[in-house]
Amino acid sequence: MGDAWIRHDEYRVPTMTIESITLSIFEMPGNTPRLILEEVPYGRRTRWQATRDGAVTEEVHVLHVGTSDGIEGICTVGDARYTTMRPDDLDHLRILTIGEDPFDRERLNHKLEAATRFMFTRPGWFGAFDNCLWDIAGKATGLPVYALLGRARASCPAYYNIRGNTRDAIVVDAQEALSLGFSAIKDHFSETAEVNIDWCTAVRETVGDEVDLLHDAVGSDYTFEEALRVGRAMGDLGVSWLEEPLPDRSQQELQRLCNLLDIPVLAAESLMHDHSLCAQWVRSGATDLLRGNARHGVTPLLKLAHMTEMHGTTIELNGPGGLFGLVHAHLVCAIQNTSYYEYFPGGSRDEKGKTIGLTNPPLPHDGHITPPDTPGWGAEWDRDYFEKHRVAVR
């Protein structure tokens, strides 16, 4: 029987190999300005409230993976966040993957996960590399990534993140969302529980019962009792999910909240760099729906998508994903158990790609996102502009 087993040292010779890995470095306006925290009144207590300390310039890294067949895989590092790769991580990536077969995504994912502990770096550090391998696979086969994965839909509904710091302002922006064809709206209200309920009521009265409302409470600093009260009120308003009502680390309180509420709780955004840890939140009942982002790699994200499907729930991708939204545009059309593409109006997440030469950032039309039907991620670049505006290559 021993002859039937394949020995690890008899691994096949690859037909295509990874030959080069480089980073293009850009400087551009950042999505996360420096913060000042002030202790301010919040209901009957105080909280730390962040105020923006002006715009900042940040580095944005774009990873290039070249192959022996002359195919280049390309993807941004991170998306609107985590936009850089450490020099040590880049060195390790070259040592660990050059000479390997770019089609061996699963094998390389396990190899790089095994290296993570001994590199003393953050989980998900090689996400851009994994996304480059998917780009290579699409270009080699002549297929868009959503077709490689198995298309679930031709286009996906997008939700609009409404803006405004007053009740009147958010109502006006909700009306703007309707005029653009969106049938789903998410808020980021960060006032007290009572004010947030009032504002959400105003939005519901404005948009009617047919529009999906989503409440993102990340800035609200609810206590457990407040989160429970808000969740019940939002449930009465027909809100479809309660996002990050408590810190992700509050596992036991989240479990209690999920058990007591009818409205689904969406959690683990601050943990989603570690897909194994995210899986535990679903298994333990500390969230009903799961946050995910492919900036940490499509290969591990698909594991979470399949796991949540087997648990009868969905994985919801937060915007925009790599390549200024192109990666998530593909994934929301390829993953069956997801609901929406997250859209931030104003161009800070998608059209920002034009500043480094991306000519086709994805934009919703009539409230839906549709990925390109060209090979790989379908990113189209003005390479002269790209090379002219980058500040360094590593």
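What comes next concerns the included structure. All values derive from a computational prediction rather than experimental measurement.

## As for the overall build of the chain
Broken down by element type, the chain carries 12 helices and 15 strands. Taken over the C-alpha atoms alone, the chain extends approximately 65 × 55 × 40 Å along its principal axes. Look at the contacts in the chain between residues 6 or more apart in sequence, and 72% of them connect residues 24 or more apart. Only carbon and sulfur atoms are counted for the fraction: they give 50% of the accessible area of the chain, which is about 17800 Å². Of the charged side chains in the chain, 37 are positive and 58 negative, and the gap between their average positions amounts to 3 Å.

## A short note on the sheet that holds strand β5 (residues 72-76)
Judged by pairing direction, the sheet is antiparallel, and its 4 strands sit side by side in the order β5-β4-β1-β15 without closing on themselves. Strands with a single pairing partner mark the edges of an open sheet, and in this sheet they are β5 and β15 (392-393).

## Thoughts on the packing of helix α3 (residues 127-141) against helix α10 (residues 298-310)
At a closest axis distance of 8 Å, the pairing of α3 and α10 adopts a crossing angle of 90°. By the criterion of interaxial angle, the relationship of α3 to α10 is roughly perpendicular. On α10, the residues touching Asp130, Asn131 and Trp134 of α3 are Val298, Thr299, Pro300 and Leu302. Taken together, the residues that form the contact of α3 with α10 break down as 4 nonpolar, 2 polar and 1 charged.

## A few points about the packing of helix α7 (residues 224-236) against helix α8 (residues 251-260)
For the pair α7 and α8, interaxial distance at closest approach is 10 Å and the crossing angle is 25°. The angle between the axes of α7 and α8 places the two elements in the roughly parallel class. For α7 against α8, the interelement crossing comes out right-handed. In this structure, α7 contributes Phe224, Ala227, Leu228 and Arg232 to the contact, and α8 contributes Glu253, Arg256, Leu257 and Leu260. Classifying every residue of the contact of α7 with α8 gives 5 nonpolar, no polar and 3 charged.

## Points about the nonpolar core
If you look at the biggest cluster of nonpolar residues, it comprises 106 residues, and the most contacted ones within it are Leu63 and Phe129. Per element, the largest residue contribution to this core is 7 residues, and it comes from helix α6 (residues 193-207). Beyond its immediate stretch of four places on either side in the chain, Leu63 contacts Ile21, Thr22, Leu23, Gly73, Ile74, Cys75, Leu90, Leu93, Ala128, Phe129 and Cys132. Grouped together as the second largest cluster of nonpolar side chains are 7 residues, Tyr159, Leu214, Trp241 and Leu266 included.

## Concerning the packing of aromatic side chains
Considering all chains together, one arrives at 10 aromatic pairs under this definition. Seen from their ring centres, Phe189 and Trp199 are 5.4 Å apart, and the 90° between their planes marks the pair as edge-to-face. With Phe189 in the loop between β7 (184-187) and α6 and Trp199 in helix α6, this pair connects stretches of sequence that are 10 residues apart. Judged by its relative accessible area of 4%, Phe189 is buried. Its end group placed over the ring of Trp134, Arg105 keeps NZ or CZ at 3.8 Å from the ring centre. Taking the ring centre of Phe386 as reference, the NZ or CZ of Arg383 above it sits at 5.3 Å.

Reading the values: the criteria
- The numbering scheme is per chain: residues are counted from 1 as the chain's sequence reads.
- This being a predicted model, a pLDDT of at least 70 is required before a residue's local features are given, and a value of 80 or more before pairs of side-chain atoms are given or counted; all residues contribute to the totals for chains, interfaces and linings.
- Each side-chain value is worked out from all heavy atoms of the structure, with water and hydrogens disregarded.
- Under the scheme used here, helices are H or I runs from DSSP no shorter than 4 residues and strands are E runs no shorter than 2 residues, and both carry numbers assigned from the N terminus.
- Any two residues having at least one pair of non-hydrogen atoms within 4.5 Å are treated as being in contact.
- Areas reported as accessible are Shrake-Rupley estimates using a 1.4 Å probe. Residue values count occlusion only from the protein chains shown.
- Under this rule, positive means Lys or Arg and negative means Asp or Glu; His and the chain ends count for nothing.
- All charge positions are set by atom: Lys at NZ, Arg at CZ, Asp at CG, Glu at CD.
- One bridge is not enough; two strands pair if DSSP finds at least two bridges between them.
- As a rule, the C-alpha atoms of each element are fitted with a line to give its axis, helices using only the stretch in contact, and angles between N-to-C directions run from 0 to 180 degrees.
- By the definition adopted for this analysis, an angle is roughly parallel if under 35 degrees, roughly antiparallel if over 145, roughly perpendicular if from 65 to 115, and oblique otherwise.
- When residues are sorted by character, Ala, Val, Leu, Ile, Met, Phe, Trp, Tyr, Cys and Pro go into the nonpolar class, Asp, Glu, Lys and Arg into the charged class, and all the rest, Gly among them, into the polar class.
- Here a crossing is taken to be left-handed if its near helix is turned anticlockwise relative to the far helix by less than a right angle, and right-handed if that turn runs clockwise.
- The set of buried Ala, Val, Leu, Ile, Met, Phe, Trp, Tyr and Cys residues whose side-chain atoms join them within 4.5 Å is what this entry labels a nonpolar core.
- Relative accessible area decides the class of each residue, using a 1.4 Å probe on protein chains only: under 20% of the type maximum gives buried, over 50% gives exposed, and in between gives partly exposed.
- Aromatic pairing here means that ring centres of Phe, Tyr or Trp (its six-membered ring) are within 6.5 Å. Orientation follows from the plane angle: under 30 degrees is stacked, over 60 is edge-to-face, and everything else is tilted.
- Our definition puts a charge over a ring when NZ of Lys or CZ of Arg is within 6 Å of the ring centre and also within 35 degrees of the ring normal.

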